[in-house]
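# Commentary on secondary and tertiary structure
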Amino acid sequence: MSEDFNAKMKLLIKSEKAMLRLEMRKKSRQTFWIALALLAVLVTLVLLNVTVYLYLAQTYTPLVSAAVLAGINFAVALLFLFVSTRQENAAEAKAIEDIRDFAWEQLSSDIDDVKQGVSDFKESAIKVKKSVDSFTSGTAFGLNKVMPVITTLIELNRKK
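Overview of the structure.

The rules behind the values
Residues numbered from 1 in each chain as written. Predicted model: local features only at pLDDT ≥ 70, side-chain atom pairs only at ≥ 80, totals over all residues. Heavy atoms only, no water. Helix = DSSP H or I, 4+ residues; strand = E, 2+ residues; numbered from the N terminus. Buried < 20%, exposed > 50% of the residue type's maximum accessible area, 1.4 Å probe, protein only. Contact = heavy atoms within 4.5 Å. Areas by Shrake-Rupley, 256 points an atom, 1.4 Å probe, with all protein chains shown as cover. Phe/Tyr/Trp six-rings, centres within 6.5 Å; stacked < 30°, edge-to-face > 60°. Core = buried A, V, L, I, M, F, W, Y, C linked by side-chain atoms within 4.5 Å. Patch = residues over 30% accessible without salt bridge, like charges linked within 9 Å, V, L, I, M, F, W, Y side chains within 5 Å. Salt bridge = Lys/Arg side-chain N within 4 Å of Asp/Glu carboxyl O. Expected span 1.5 Å × (residues − 1). Bend = angle between axes of the 7 residues up to and from the residue. Axes fitted to C-alpha atoms, helices over the stretch in contact; angles between N-to-C directions. Parallel < 35°, antiparallel > 145°, perpendicular 65-115°, else oblique. Left-handed = near helix turned anticlockwise from the far one by under 90°. Nonpolar A, V, L, I, M, F, W, Y, C, P; charged D, E, K, R; others polar.

## Considering the overall build of the protein
Within the protein, the regular secondary structure consists of 4 helices and 0 strands. Listed by position from the N terminus, the elements making up the protein come as α-α-α-α. Residues classed as buried in the protein amount to 18% of the 160 residues present. Across the protein, the fraction of contacts at a sequence separation of at least 24, relative to all contacts at a separation of at least 6, is 81%. Per element, the accessible surface of the protein, about 12400 Å² overall, is 68% carbon and sulfur.

## Section: the packing of aromatic side chains
Counted according to the given criterion, the structure contains 1 aromatic pair. Note on phenylalanine 32 and tryptophan 33: the rings are 5.6 Å apart at their centroids and 75° apart in plane angle, and the pair reads as edge-to-face.

## Let's talk about the nonpolar core
Counting residues in hydrophobic clusters, the biggest one holds 5 residues: Ala18, Met19, Leu22, Ala93 and Ile96. Looking at this core, the elements with two or more residues in it are helix H1 (2–59) and helix H3 (91–137). When residues of this core are assigned to their parent elements, the largest contribution, 3 residues, is made by H1. Contacts of isoleucine 96, omitting those with residues within four sequence positions, involve Ser15, Ala18, Met19 and Leu22.

## Points about the environment of leucine 81
Take leucine 81: it is sitting in helix H2 (residues 62–85). In this structure, leucine 81 is in contact with Ile34 and Ala37, ignoring residues within four places of it in sequence.

## Some points on a nonpolar patch on the surface
A grouping of Leu39, Leu42, Val43, Leu45, Val46 and Leu47 is seen on the molecular surface, where their side chains present a nonpolar patch of about 530 Å² in accessible area. Mapped onto the elements of the fold, leucine 42 is located in helix H1.

## Observations regarding H1
A rise of 1.5 Å per residue sets the reference length of H1, with its 58 residues, at 86 Å; its end C-alpha atoms lie 81 Å apart and thus fit the reference within 8%. The axis of H1 is deflected most strongly, by about 35°, at leucine 48.

## Digging into the packing of H1 against H2
When two helices pack together, their arrangement is given by the angle between the helix axes and the distance between those axes. Closest axis-to-axis distance for the H1/H2 pair is 9 Å, and the angle between their directions is 160°. One finds that H1 runs roughly antiparallel with respect to H2. Crossing hand, H1 versus H2: right-handed. Across the contact of H1 with H2, the residue classes break down as 21 nonpolar, 7 polar and no charged.

Quick look at the structure:
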C-alpha cells in the first residue's frame, strides 16, 4: 500500500509540475504579446501621431485632428490586447489535467481507506477498554453481586 501511495503521490506531483510549466509558458506568451502591444502603441503614438496630426491639421481643426489620432491609437491597442488574450493551452494540458484528476481520485480513495482503518481500530480499542474496565470493576460475569460472598468465605477460611 505504501509503494502504491507513493507512486500516486509522485504521479500527482509530476502532473502538477507539468501543469505549472504549461501555465508559465502561456503567461510568458501573453507577456510577450502585451509587451509587443505596448511597443506598437508607443511607436504608433510617436511616429504615426506626428505624421497624421500634421496631415489632419491641414484639413481639420487641431481638436478634430487630435480626436481622430486618439481613436486610431485606441483601436491599435485593443487589437494587440485582443491577440494577447487569445493564447490558450494546447491539447496536452487536457491530458495532464486528466492525469492529475485521476491521481487525486486514487489518493482520495486511499486516504478514505486509511480513515476507515483508523476508525475501525479506534472502535476495537474502545471495546477492549470497556471489557477490561468491566472486568476490573467487577461488573463482568456478575462478579459485583458475588464478591461479598467470596470475601466472606475468604475471611471465614482465614479464621479457621
